[in-house]
Every structure is written in structure tokens, then in C-alpha cells.
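Listed below, chain by chain, are the residues.
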Amino acid sequence: MSAPVIRRSPVHIATVTGTASLTPRMRRISVRSDALLGVAIRPAQDVELLLREPSGRRVKRRYTIRHARPERGELDLDVLLHGDGPGARWGETAQPGDTVEFQGPRGKLELRPAPWHLLIGDESALPAIAAIAEALPEGEAAVAYVEVQDDADELPLPHAQVHWVHRGGDEPGGAERLVQALAGVAPPAGAHGLLMGETLAIVALRPVVEAAGIAHDAIFLKGYWNRGRPDRLAGRAPA
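Residues numbered from 1 in each chain as written. Predicted model: local features only at pLDDT ≥ 70, side-chain atom pairs only at ≥ 80, totals over all residues. Heavy atoms only, no water.

Peer 1: I would appreciate a short explanation of the pairing of strand β5 (residues 74–80) in the present structure.
Peer 2: Consecutive side chains along a regular strand alternate between the two faces of the sheet. Of all the seven residues making up β5, seven are buried; the element is thus mostly covered by neighbouring parts of the structure. The side-chain alternation of β5 yields two buried faces, one formed by E74, D76, D78 and L80 and the other by L75, L77 and V79. Pairing between strand β2 (residues 26–32) and β5: seven bridges, direction antiparallel. For I29, the partnering residue across the bridge sits in β5 and is L77. Alignment of strand β4 (residues 58–69) against β5, held across four bridges, turns out to be antiparallel. The residue of β5 that forms the bridge with H67 is D76. Hairpin connection of β4 to β5: four residues between the antiparallel strands, including G73 at a positive phi of 65°. (Buried < 20%, exposed > 50% of the residue type's maximum accessible area, 1.4 Å probe, protein only. Helix = DSSP H or I, 4+ residues; strand = E, 2+ residues; numbered from the N terminus. Pairing = 2+ DSSP bridges.)

Laid out in C-alpha cells, this is it:
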């Protein structure tokens, strides 16, 4: 009896072509790869980078594609700089000419027509929220509730009506402030919800969004990180 075939996504090589600071804690890294030439990117798809810890152990970090230029095989990745994790270190130190291994693009989100899209997340979700809002056709509204540390983390989101929620010096990853901010929100019939950020927080927010009137099947959840595990927001070691 033959052994089962284990299928894995191919690993590609990308070269850093440019960098730009967006906020004190967000840096845009542009990368190019022949593997990306002509590849159409859907809103909020991501790539998984294969990075190294100081010990040499390989780790994976996923980043939402903020912009794509398929004719050049180029992507923009907006990397949150927080803590001392491998993703934050790469985002802070990457320079043009550096190479990085990656898998993807990948992602299950498919934008469906709706009159109103409620986008909820923390700063790790900002690239996805911006990409989704930009991709909506005329006549479909985007309303975003985004928790960040303070106003220095805020980015222009011209395609959405944004409600910023500041947590100050408190630890990221809780749902309490977003729950309070969503009190009284009244989505119209047929609205969709997209919840992205810390995994347990968005799970806690789902019933809040349902209670506001968005159907269970019209809500998409995407966990980007977990409290107490290595992640691109906190950069902490496992608990």
C-alpha cells in the first residue's frame, strides 16, 4: 500500500523592491517575484512568509496583500511593528535587494453583493479593511470599526466611514472596547459583516454583530493572531 501523498503549496522567492513608513508602527514592504506575474489577487488575500528566528528555526507569518501589480509581479505588504517577533523584525529591517521565501497567495474571502459592509478589526486588520473597502463597487457602503493603540496608528481609509477605537496603554486583543463602540449600530437589511483580528476577540464579537441584525451566514471571520502565541501584533513568545 503506497503512502498518502502530502500536498503542499510551492515555495517561491521574492525580492524586496521598496519600503515606506506608514505610521510609527506600520511599514510597507514591496516585494517582487516572477511567480506573481499575471496572478490576479482578490481583496484580502495574503501570502505566507517563511522567516527565521535567531535560533535558525523557520517560522511562518501571513500578511494581507495591500496592493498588487500583477503586470510587474509585485505586492505591497503592510507589516505591523510591535514586539520582537520574527515578523516584526523582518518588517523593521527589510531593505531593497533582500530576498524572502513565501507561499501563496491564498485566502477564502469572496466579496458578495450587499448594500452595506460592516468591517471590524484591530490594527492587524487595517490592510484587509482598506483593500476590501476599495474593492467594493459603487453603491455599496463600507463602515469600519477599528481598534488601535492611539491616533498615531490611524491610517487614511477614504473608501470607508471609520470609527476609531483607542485602547491607550492596555494590552491588545480584547473585545470589550469594540463591543461598546458597536452599541446602537443598525445595519440595513441585507448587510454583511467582516470580523478580522485576534481570534477570540472576533469570535466574541460575532454574536454582537448578529444581535445588531446581520445574519449568521453573512458574517465572515478571519483570525490573524492569538493572545499568548507568536504573532505579528504582539510578537510575544508562547505562554
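Peer 1: It is not clear to me how the sheet that holds strand β9 (residues 161–166) should be interpreted in this structure. Could you clarify?
Peer 2: Backbone hydrogen bonds are what pair the strands of a sheet, in a parallel or an antiparallel way. Spatial ordering of the open sheet is given by β9-β8-β7-β10-β11, a layout of five strands whose pairing is parallel. Bordering the open sheet on either side are β9 and β11 (219–225), each of which pairs with just one other strand. Adjacent strand axes in the sheet meet at a mean angle of 10°, parallel and antiparallel pairs treated alike. The sheet contact formed by strand β7 (residues 116–122) and strand β10 (residues 192–198) spans five bridges and is parallel. Residue pairing in the sheet places L119 in a bridge with L194 of β10. Where helix α2 (residues 126–135) meets the sheet, it contacts β7, β8 (141–148), β9, β10 and β11, and its direction lies at approximately 165° from that of β7. Across the sheet, helix α4 (residues 199–212) is in contact with β7, β10 and β11; its angle to β10 comes to roughly 155°. (Axes fitted to C-alpha atoms, helices over the stretch in contact; angles between N-to-C directions. Contact = heavy atoms within 4.5 Å.)

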